[in-house]
Amino acid sequence: MYAITVDEPGGPEALRWTEVPDPEPGPGEVIVDVRASAVNRADLLQRQGHYPPPPGAPAYPGLECSGVISATGSDVADWRVGQEVCALLAGGGYAERVVVPAGQLLPVPAGVDLVDAAALPEVACTVWSNVRQVAGLRRGETLLVHGGGSGIGTFAIQFGAALGATVLVTARSGKHDRLRELGAAHTIDYRAEDFVEVTRRVTDGRGADVILDIMGGAYLPRNVAALATSGRLVVIGLQGGRKGELDLSALLAKRASVTATALRSRPVAEKAAIVRGVRDEVWPLVESGTVRPVVDRRLPMAEAAGAHRLVESSDHLGKVLLVTPSR
Ligand SMILES: NC(=O)c1ccc[n+]([C@@H]2O[C@H](COP(=O)([O-])OP(=O)(O)OC[C@H]3O[C@@H](n4cnc5c(N)ncnc54)[C@H](OP(=O)(O)O)[C@@H]3O)[C@@H](O)[C@H]2O)c1
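Residues numbered from 1 in each chain as written. Predicted model: local features only at pLDDT ≥ 70, side-chain atom pairs only at ≥ 80, totals over all residues. Heavy atoms only, no water.

### Describing the state of the cysteines
Worth spelling out the cut-off: Disulfide assignment relies on a single distance test, namely cysteine sulfur atoms paired within 2.5 Å. Relative accessible area decides the class of each residue, using a 1.4 Å probe on protein chains only: under 20% of the type maximum gives buried, over 50% gives exposed, and in between gives partly exposed.
Tallied over the entire structure, the rule returns zero disulfides. Not engaged in a disulfide, the cysteine C125 finds its nearest cysteine sulfur in C86; these two sulfurs lie 8.8 Å apart. Using a relative accessible area of 0% as the deciding quantity, one classes C125 as buried.

### Observations regarding empty space enclosed by the protein
How we decide: Within this scheme a cavity is a closed region of a 1 Å grid, computed over the protein atoms alone, that accommodates a 1.4 Å probe without allowing it to escape, whereas a pocket is open but has protein on both sides within 12 Å along at least five of seven lines; lining residues each have an atom within 4 Å of a point. Grid points are joined across faces, edges and corners, and a volume is the space filled by probe spheres set on the points. Runs of H or I in DSSP of at least four residues are treated as helices and runs of E of at least two as strands, each being numbered from the N terminus. Charged residues are taken to be Asp, Glu, Lys and Arg, nonpolar residues to be Ala, Val, Leu, Ile, Met, Phe, Trp, Tyr, Cys and Pro, and polar residues to be all remaining types, Gly included. An automatic or database domain assignment supplies the residue ranges for each domain.
By the definition in use, this model includes one cavity of 30 Å³ or more. A volume near 50 Å³ is recorded for the largest cavity. Lining the largest cavity we find A119, L120, V123, G151, T154, F155, Q158, R292, P293, V294 and K319. A total of four residues in the lining of the largest cavity trace back to one element, the largest contributor, which is helix α3 (residues 151-162). Of the residues that constitute the lining of the largest cavity, the class distribution is six nonpolar, three polar and two charged. Taken domain by domain, the lining of the largest cavity gets at least three of its residues from each of domain 1 (2-120 + 264-323) and domain 2 (124-260).

### Structural notes on the domain arrangement of the protein chain
Reports often express the size of an interface as the amount of accessible area lost when the parts come together. Using the following cut-off: Any two residues whose heavy atoms approach within 4.5 Å at even a single point are treated as in contact. Note on terms: buried area is the combined drop in 1.4 Å-probe accessible area of two parts once they are placed together, counting the loss on both. Each reported salt bridge corresponds to a side-chain nitrogen of Lys or Arg within 4 Å of a carboxyl oxygen of Asp or Glu. Any pair of N or O atoms that falls within 3.5 Å is considered a polar contact. Within protein, one atom must be able to donate a hydrogen and the other to accept it, and sequence-neighbouring residues count only if both atoms are side-chain atoms.
Partitioning the protein chain into structural domains gives domain 1 (2-120 + 264-323) and domain 2 (124-260). The straight-line distance from the C-alpha centre of domain 1 to that of domain 2 is 26 Å. Contact residues are listed per partner, giving 23 residues for domain 1 and 20 residues for domain 2. In total, domain 1 and domain 2 occlude about 1800 Å² of area from one another, counting both sides; carbon and sulfur atoms represent 66% of this. The largest contributions to the domain 1 side of the interface with domain 2 come from I274, E281 and L317, which together make up 26% of the buried area. Here domain 1 is connected to domain 2 by two salt bridges. For the salt bridge of R172 with D315, the shortest nitrogen-to-oxygen distance reads 3.1 Å. Counting the contacts that link domain 1 with domain 2 gives nine residue pairs in polar contact (both at pLDDT 80 or more). Contributions of two or more residues to the side of domain 1 that touches domain 2 are made by α8 (268-281) and α9 (283-287). Here the side of domain 1 that touches domain 2 takes five residues from α8, the largest share from any one element. Class assignment for the residues of the side of domain 1 that touches domain 2 results in 11 nonpolar, six polar and six charged.

### As for the layout of surface pockets
Of the pockets and cavities examined, the second largest pocket occupies roughly 270 Å³. Lining the second largest pocket are 19 residues, and of these G56, A57, A90, P101 and V268 lie nearest its centre. Elements with a minimum of two residues in the lining of the second largest pocket: β6 (97-101) and α8. Ranked by residue count, the leading element in the lining of the second largest pocket is β6, at three residues. Within the lining of the second largest pocket, the residues separate by chemical class into 11 nonpolar, four polar and four charged.

### Focus: the site of the ligand
As a reminder of what qualifies: Nearness is judged by heavy atoms alone; a residue qualifies as near a molecule or strand once a single heavy atom is within 4 Å of it. Only the protein chains shown count as cover for residues, and the accessible areas themselves come from Shrake-Rupley with a 1.4 Å probe.
For the ligand, the set of nearby residues contains 26 residues, the closest of which are R41, R172, K175, Y190 and Q239. Between the ligand and I152, the relevant distance is 2.9 Å, taken from an oxygen atom to a main-chain nitrogen or oxygen of the residue. In the environment of the ligand, an oxygen atom lies 2.8 Å from a nitrogen or oxygen atom belonging to the side chain of H316. Considered on its own, the ligand offers 940 Å² of accessible surface; in the complex 90% of this is hidden by protein. Taken together, the elements giving at least two residues each to the shell around the ligand come down to α2 (121-134), α3 and β9 (166-171). Within the shell around the ligand, the residues separate by chemical class into 10 nonpolar, 12 polar and four charged. Each of domain 1 (2-120 + 264-323) and domain 2 (124-260) accounts for three or more of the residues forming the shell around the ligand.

### Considerations on the packing of α2 against α8
Let me state the cut-off plainly: Lines fitted to C-alpha atoms define the axes here, with helix axes fitted over just the stretch in contact, and angles between the N-to-C directions of these axes take values from 0 to 180 degrees. What sets the label is the angle itself: under 35 degrees gives roughly parallel, over 145 gives roughly antiparallel, 65 to 115 gives roughly perpendicular, and the rest give oblique.
Two elements in contact, α2 and α8, have axes separated by 9 Å at closest approach and are oriented at 85 degrees. On the basis of the axis angle, α2 is roughly perpendicular to α8. The segment α2 lies against α8, with A124, C125, W128, S129, R132 and Q133 engaging I274, V275, G277, V278 and E281. Its residues assigned to classes, the contact of α2 with α8 shows six nonpolar, three polar and two charged.

### A look at the sheet that holds strand β11 (residues 208-213)
Basically, it comes down to this: Strands pair, by our definition, only if DSSP identifies at least two bridges between them.
Read from one edge of the open sheet, six strands run β10-β9-β8-β11-β12-β13, paired in parallel fashion. Only two strands of the sheet have a single partner each, and these edge strands are β10 (186-189) and β13 (257-260). Going across the sheet, the axis of each strand differs from the next one's by a mean of 15 degrees, ignoring polarity. Each of β11, β12 (227-235) and β13 is contacted by α2, which is oriented at about 155 degrees to β11, the strand it contacts most.

### Brief notes about the pairing of β6
Where burial is concerned, most of β6 is hidden: four out of the five residues are buried. As paired strands, strand β3 (residues 29-38) and β6 are joined by five bridges and run antiparallel to one another. Within β6, the position partnered with I31 by the bridge is V99.

Set out below in structure tokens:
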């Protein structure tokens, strides 16, 4: 098969469409013939050598895929060869075939095209596990999403609105119209406006009940300032650095919490539990059309370098898909 390999860590030109050995399924695993994968911000770090795959994970980049099951290992009861699926991966999605633990498979939701289904697993699992499991967002609460135009952000807006929350987002101004169409009640241009001040103003001084943060250290004190009483800040990205200063008295006064989670390094059993939760709580919203994959564009997988340049520029909105050559 062919896969995108990284010769030497570096720029997008390090990504090459190369012939590599086919994967073999172990017990409890299946092989998926990949139709599409999607670029995640973490893939850029992996390409640069800063985010190696966890032990046992395929070496190639790619944290999600869609495709067709072509083989099953022993101990796989619920899935069969020929089924169309999408999957959460620890790596290896940028390839014609990938090995997947059966617990990380999801059916392609009714009404979603097989290629577009590759846009869903990583964002659905990340957003559901953080916004629902960790932060417990409830109807009537306010959710502030940083990076509303990202793959994560475009999903979080729709999911938060579907839960009955008021969704605020930060994004560059050129993306605001589209983000309001997706369900954002208020858009904040983080380059020109202070998100703390806007959050307080539009919540009548209360602040946000839940903040889904991708900026890390750079936003930490201001995120705490933007939280409501009993607010929950969940940090999932460190685009603004890993270190920040936290005034604990601000947390005490608000009885607020700060949590940080990463999905990729979680054990297979925890990922399977998240995938089950997504299937139960998120897939019905996708199948009813309330939450949709947001796809900026599809590119041939062999052009992964161009896709990485695009995502690095942040000129995209939603997900950039990588489609395998048709067989
Ligand atoms: N912890 C986990 O398990 C997990 C899982 C998946 C993703 N993530 C993280 O989630 C984040 C989004 O991932 P993705 O793949 O969806 O990324 P992406 O599509 O590449 O989007 C990155 C976004 O960052 C935004 N941004 C840059 N500077 C900003 C600032 N100062 N304030 C607000 N937004 C800013 C950009 O928005 P503009 O274009 O508007 O500037 C862009 O939309 C990444 O940090 C990623 O590492 C974490």
